[in-house]
Each structure stands twice: as C-alpha cells, then as structure tokens.
Amino acid sequence: MNVVLAEVPALPPEAPAVRPLLDAQGLVKVFGTGVRAVSNVSLTLQAGQTLGIVGESGCGKSTTAKMLLRLLAPDEGRVFFDGEDIHQMRGRRLTELRRRLQVVPQNPQTSLNPRLTLEQSIAFNMRAHGYGAAERKRRIPELLDRVGLDPSYAARYPHQMSGGQLQRAAIARALATEPEVVVCDEAVSALDKSVQAQVLNLLSELQQELGLAYLFISHDLAVVEHISDRVAVMYLGRVVEEGPADQVWNDPRHPYTATLLSSTPGVDRNRIVLGGELPNPANPPSGCGFRTRCPLATAECSETWPNLTVRTPDHYASCVHDEPASLMPMPATA
Amino acid sequence: MSSHLKVTDLHTTFGSGERAVNAVRGVDLEIEPGGTYVLLGESGSGKSVTARSILRLYQSGTTITGSVRLGDEELTALPERRMRQLRGLRIGMVPQDPTGALDPLRSIGSQLMEVLRVHQIAPDRASARKRAVELLDRVGIADPQRVIKARPHMLSGGMRQRAVIAIAIACNPDVLIADEPTTALDVTVQAAVIELFRELQQQSEMSLLMVTHDVGVAEELGGNVGVMYAGRLLETGPIREVLSAPKHPYTQGLLASLPMPGVARGHLQVIPGRPPLTGETSTGCAFADRCALAQESCRTAPPPLVEVGTGRQAACPVVNGTPVGRTATSEELSA
C-alpha cells in the first residue's frame, strides 16, 4: 500500500550533501546548581538521512534533543533549521517549524492523551497546523493504514492498544503534519524485540517513501547502528565520537565507544569492564570526563577535554590516544 | 551445601471463575547446584510470574499448583510461616528495580543487617555490621564503610543494584532468583553486574535462576535456557546451542528480528502480530497465529515439549519434522 502522505520530494540516497536541514552549533545547557548537562555539542542532520545519538543515562542526549526541538533554550550555541535559528523564531515561523519538525517520544502510554481516541489525537495535531476537517477525515485513515494499523483503530483509546500499536499511532500522529524531520527519542526502547523489529522496519520504509530525516536517540548501540547513517556517541554532556554508523561500529576510535560496544550483550568482542560509574555532571573530573574510568588514561588527560579531531575521513573522536580500538591495550576479560 | 531446585508442572492462576488469568500454564525446570537457568521471554510471557511463584510471593486469590522442590523439601506444601524462614535464607531474590526494592528512609547497612538478624546468621549487631561490610565488599562496592551508612538516594543505580544483590546473597542462599536485574541499568554497568553474578557463582555453589527479555544477557550467562511464551515453555536447552541453532519457529523469529550488523535497513526479519497479553488464551499453540508454519493441529491443542536433540526440547510438531537448524524464510515469517 503506497499512500502518498507528503508533497516533500524524496531525496535519492546518493543525493549530494546540501545545506544541512538541522544544524546545531556549540550547544551548552547548564541546569540550576551548575549541572553542565550539555557542553559544546555540535550536530548536523542532512535531509533524508538518519543521525543516531547514543549514550547512557545522564549523558545529555535527551537534553540535546529538547534543544533541537525548541522545547528548551540553550545557554550557548544556536540551532538552525533549514538555515534559520529556531530559538529566534516567533509566531507563524515557529508554528511552521513545529509542523516540519515532529517527535515520537519514548513512552506512547503517556504521550497519547488517555481520554482522546486515536483519531482525536491525530486530528488535534493536524488542526493545530491548519488542516481542515475534510482533509483530516481523508488523511487519518490513510495514515493509520500506512503505519500498519487497521483504520478501525481510529475509534480506539490508548488503553485498548498494545505497546507496539501505540508506538505506530504515535508515528502516525507525527507524520500527520508532513514533517521533514522526526526526532525519535528512545522510540523503540520500550517495545518487545519481536515488535521492535516491525517498528524499525516501518521507520525505514517511511524514510524511503517520504524522504524523512530522523534524529534517532537510543541507549542501544545495535539499534542505532542499524537505523543510522551517522552516529554521535555522547558522554557526560559531550560528543566524544562521531562518524558513519558502520565505521563507528566496526572501528571505534574513542575508548568509551569501544567500551560501550564491548558491553553490548551478545556482541562477540573482548569485554571491557569499566571501573566506577558515570561521574556526577555537577562535579565532573578535570580534563577529559572519561579519564576516571578510562583504561588508557594518562597524565595529560587530566588537563583538558580534547576537541573532536578527524581520524579517518568524516570520522571524529575526542581522545588524545589516536589509535584504532583494536590496538587499544584494554584490559579484557573472558 | 547447595540443593537441587526442581519445578514440575507449575501453574499460576490469578483470580478465579470467568475472570481467571492463567499466567503460567505448566512450566518444568530444573537447576543443578551451581547451575544457571535463564527464563527468556517478552513482556507478558509469564517469566516473572514463574520466578515469583517459586517463592510464593503472591497473596490469596492466586492459585499456584504443581511441585517446587528444593533439595528434599516440597515448597508448595510448606506453611507460610516456614516459607518466610526460607525466603532470603535458602532462596535469595534480586528484583528488577533496585530503587523500589530498598526502603528509601533506611540506610543500606540497616537493610542489610536486618536480613542477617532475621535469619540469625549474625548473633549480634556488631557481627552483623562486620558481615554487612564484607558483603558490600564482595559485590564490588569500593567504599563499603561509606555505603553502609548511605541511604538509597545517595547511590547510583548500579550501586543500588549491587546493594540489593548483597542483601539477596547475605545468607549464602542455595538459589538466587534474579528478575531482570540489569534491565534498569546502563550497558556498561550492566556488563559489570553480569560479571558479578558470574564471580559469585564461581565462589559458591549457588544456583542462579535469571529472568530476562534480553537475548544478549542470556548468551552472556550461559547455562540452560527456557524460552517462554504465553505462560508456557516453547523451547529449552543449553543456551549457546539454542541461540546458535534455534528449533522453535518463535525462537527463530525472535533471534532473526534482532538488529545485527550487516542487515540492511528496513530488512529486519519480523514476526507478524504481537505477543499475547498476560492471560489471553488460545486453545492451541499460543504462537500459532503468528507462525508461518502453523498447521490445523497446532490450533486444537498446545503441542507438548518433545526431545529435539541432546538435552534440548521444543514444543512444536512442525519444526520437529524439519531438518535441524532450519530457519523459516522471511516470506514464511511475514506471510
């Protein structure tokens, strides 16, 4: 079933990189008592592409997403959507941004209003963006069908649906305004594995058909590698590695990425077990934030947090120890 | 001295009459002293209910039938008073969420010492305290003197889970039941906690019953696995063999649907439909509606577990007749 939902022309995958659709530069966010949740994060997302952000809890990935969605103002840095600073937008410009930039949140149980039917939830989003009654009536069944839900589900309430169905519904609601960028914040994390694969496939199909760009946030490196063109790895509020998904997976250049990969259960690599845990972001270590847990740390690591530098073309890491992970002298167990 | 845990034909039903929910429908499992058994399944499959039923952690209104033997004792026949003495002493439990498992108002030390005192492992406060420090040290907490005084909110999630594990192993139980103990943790912390379970098992003859939805965690642990679906075991056997050559169409589909390097985007194999909710019933095999190989007979009665290799069983008459290691094709799975 190929229902055309949007007039957005789909870019063929081999289209040359043009001006990035979403471009964040030097984002900083400090909360209340000096918790530096995000420090100097720069990210770019091209039209029709997927940028994955991976990291553990407290690394700042969701705070970054909120700034990209203009749900939170950065203390420093700017976010451009299609060349325009989103945190300067007002009025109709802002409404237009919201239409073009949608979100699929982590927990559909709480993001869909329990007192609205699915149709009402989707219509609510469409009405806010000026879609008339006739168009809503025509498109809602199409949208449901497109995400693999029977159009009869329009009359259902969230409690009458399973987790996978709710996540499809949340995707349908996001697509209703014909967005160009969809931010998926842990969008498949709460799903059972057999259902997660269905939703991942659905997201990929929709991207192909509609030319969507995804900002895909997850703690699950295998999922991010699968769905993303590029991956950014965050630790303690910073991007420590960024590059093409397959390169980051196969040839990680930051010891934290190597650790994260080796910790992914079932992945056949020498397990690197870290001492300690994520430092308190209110009181980070001096220099590189990873040095207190890093098996490669040396004296110079306590001086400054290194900038991202290029390793192989288009692949960046912020570590003074410039060597492929396979050569890193990591303590391995089992 | 450790004992053998043997569960036979376990059924757990919540409520009664029309509204009864059959969460567990005939589970058999066995763990040798020092052995590991992983119950693997998706949400609603009955894996946690199985674990909790072994400990009889349910109120009245729940019917548990079948046999649970620990050594030569039949647990289902024990009066509640005796069962209480046994929980924590001979069977330890690590729940999924360490935050909910700990009393937020009391120090870690007080909660750890309580177990030692209740089960009369430590004769007085001083020895309980000494033992508590040793236990925190044993679960890899670097600074036990500080942590013993800390309240749960002062610790990170990983530290809290270690503290809960310390409580669960305080009395050197024969069996440790861990219900998704790493699910709430970050992967790097999860890796360290799995490592801890391994070490603890090496140090003692403790057997481990691990409940998880995570195939990777199961693979890390080794031992035997039981794949649960809708309250029944669909496939059992040594974990590494089951994961490398699954025989039941559900296990095959589940493994094929995991995102792995080399699978093109949009081309993950999927199992159509969704797992049944807890208590959703069907007359035949609960997987039949999602199974490409289902036959008429699958819908009339649930197929029993039958031998499909050395130490391996699968509850599927169809796969039993097909060559070993055959994987359903994507066409079959998506049909």
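1. Some remarks on the overall build of chain A
Helix and strand counts for chain A come out as ten helices and twelve strands. By the burial criterion, 49% of the 334 residues in chain A qualify as buried. Counted over contacts in chain A with a minimum sequence separation of 6, partners at least 24 positions apart contribute 67%.

2. Looking at the interface of chain A and chain B
Taken together, the 33 residues of chain A in the interface contact 34 residues of chain B. Residue assignment for the side of chain A that touches chain B shows that the elements contributing at least two residues are α7 (193-210), α8 (221-227) and α10 (255-263) of chain A. Sort the elements by how many residues they give to the side of chain A that touches chain B and α7(A) lands first, with ten residues. Classifying every residue of the side of chain A that touches chain B by side-chain character gives eleven nonpolar, 15 polar and seven charged.

3. Re helix α5 (residues 125-138) of chain B
All names here are of chain B. With 14 residues, α5 extends 20 Å between its outermost C-alpha atoms, agreeing within 8% with the 20 Å of an ideal straight helix rising 1.5 Å per residue. Those residues of α5 not exposed but buried are Ala128, Ala132, Leu135 and Leu136. Along the axis of α5, the buried residues cluster in a sector spanning 95°; they form a single face. Projecting away from the buried face of α5 at angles above 90 degrees are the exposed residues Ala126 and Glu134. A positive backbone phi angle near 85° is found at Gly140, which sits one or two residues after α5.

4. A look at the packing of helix α4 (residues 118-128) of chain A against helix α5 (residues 133-146) of chain A
All names here are of chain A. Relative orientation of the contacting elements α4 and α5 amounts to 120°, with a least axis distance of 10 Å. Here α4 lies oblique to α5, going by the angle between them. Crossing of α4 against α5: the hand is right-handed. For the pair α4 and α5, contact is made by Glu119, Ile122, Ala123 and Met126 and by Arg136, Ile140 and Leu143, respectively. Here the residues of the contact of α4 with α5 sort into five nonpolar, no polar and two charged.

5. Topic: the sheet that holds strand β10 (residues 232-238) of chain B
All names here are of chain B. As summarised here, the arrangement of the eight strands in space is β6-β7-β8-β3-β9-β10-β12-β11, forming an open sheet in which the pairing is mixed. Two strands close off the open sheet at either side, each with one partner strand: β6 (91-94) and β11 (306-309). Mean inter-strand twist for the sheet, computed between neighbouring axes without regard to direction, equals 20°. Looking at chain direction, strand β9 (residues 224-229) and β10 are connected through six bridges and run antiparallel. In the strand pairing of β10, Val227 is matched with Glu235. Packed onto the sheet, helix α7 (residues 157-168) meets β6 and β7 (175-179) and runs at close to 170° relative to β6.

6. A look at the packing of α10(A) against helix α8 (residues 187-203) of chain B
Between α10(A) and α8(B), the shortest axis-to-axis distance is 8 Å and the interhelical angle comes to 50°. Classified by the angle their axes make, α10(A) and α8(B) are oblique. Taken as a pair, α10(A) and α8(B) cross one another with a handedness that is left-handed. Residues Thr259(A), Leu260(A) and Ser263(A) of α10(A) pack against Val187(B), Thr188(B), Gln190(B) and Ala191(B) of α8(B). Of the residues in the contact of α10(A) with α8(B), the class split is three nonpolar, four polar and no charged.

7. So, helix α11 (residues 249-256) of chain B
Of all eight residues that make up α11(B), eight are buried, and the element is covered over most of its length. Those residues of α11(B) that sit buried are Pro249(B), Tyr250(B), Thr251(B), Gln252(B), Gly253(B), Leu254(B), Leu255(B) and Ala256(B).

8. A short note on the pairing of β7(B)
Residues and elements named next belong to chain B. Most of β7 is tucked away: five of the five residues are buried. The alternating pattern of β7 places Val175, Ile177 and Asp179 and Leu176 and Ala178 on opposite faces, both of which are buried. The pairing of β6 with β7 spans four bridges and is classified as parallel. Looking across to β7, one finds that Met93 is bridged to Ile177. Where β7 meets strand β8 (residues 207-212), five bridges bridge the pair, whose relative direction is parallel. In the strand pairing of β8, Ile177 is matched with Leu209. Once you follow β7 into α8 and on to β8, the crossover reads as right-handed.

Criteria and thresholds
All chains use their own residue numbering, which begins from 1 and follows the written sequence. For naming, the first written chain is A and the first written ligand is 1, with later ones following in the order written. Local features in this predicted model are restricted to residues of pLDDT 70 or higher, and side-chain atom pairs are both shown and tallied only at a pLDDT of 80 or more, whereas totals for entire chains, interfaces and linings draw on every residue. Where helices and strands are cited, they refer to DSSP runs of H or I of at least four residues and of E of at least two residues respectively, numbered from the N terminus. Put simply, a residue is buried when 20 or more other C-beta atoms lie within 10 Å of its own C-beta and exposed when 12 or fewer do; between those, it is partly exposed, and each C-beta is set from the backbone. Residues are defined as contacting one another if the C-beta atoms placed from their backbone atoms lie within 7 Å. Gly counts as polar in this scheme, as do all residues outside two lists: the nonpolar Ala, Val, Leu, Ile, Met, Phe, Trp, Tyr, Cys and Pro, and the charged Asp, Glu, Lys and Arg. To estimate how far a helix should extend, the number of its residues minus one is multiplied by 1.5 Å. Within this analysis, the arc is defined by the directions that extend from the helix axis to the C-beta atoms. As a rule, the C-alpha atoms of each element are fitted with a line to give its axis, helices using only the stretch in contact, and angles between N-to-C directions run from 0 to 180 degrees. Roughly parallel means an angle under 35 degrees; roughly antiparallel, over 145; roughly perpendicular, 65 to 115; everything else is oblique. Handedness of each helix crossing follows the sense of rotation of the near helix against the far helix: counterclockwise by less than a right angle gives left-handed, clockwise gives right-handed. Here a strand pair is declared whenever DSSP counts at least two bridges between the two strands. We call a crossover right-handed when, viewed with both strands directed away from the observer, the connection leading from the first strand over the helix to the second proceeds clockwise.

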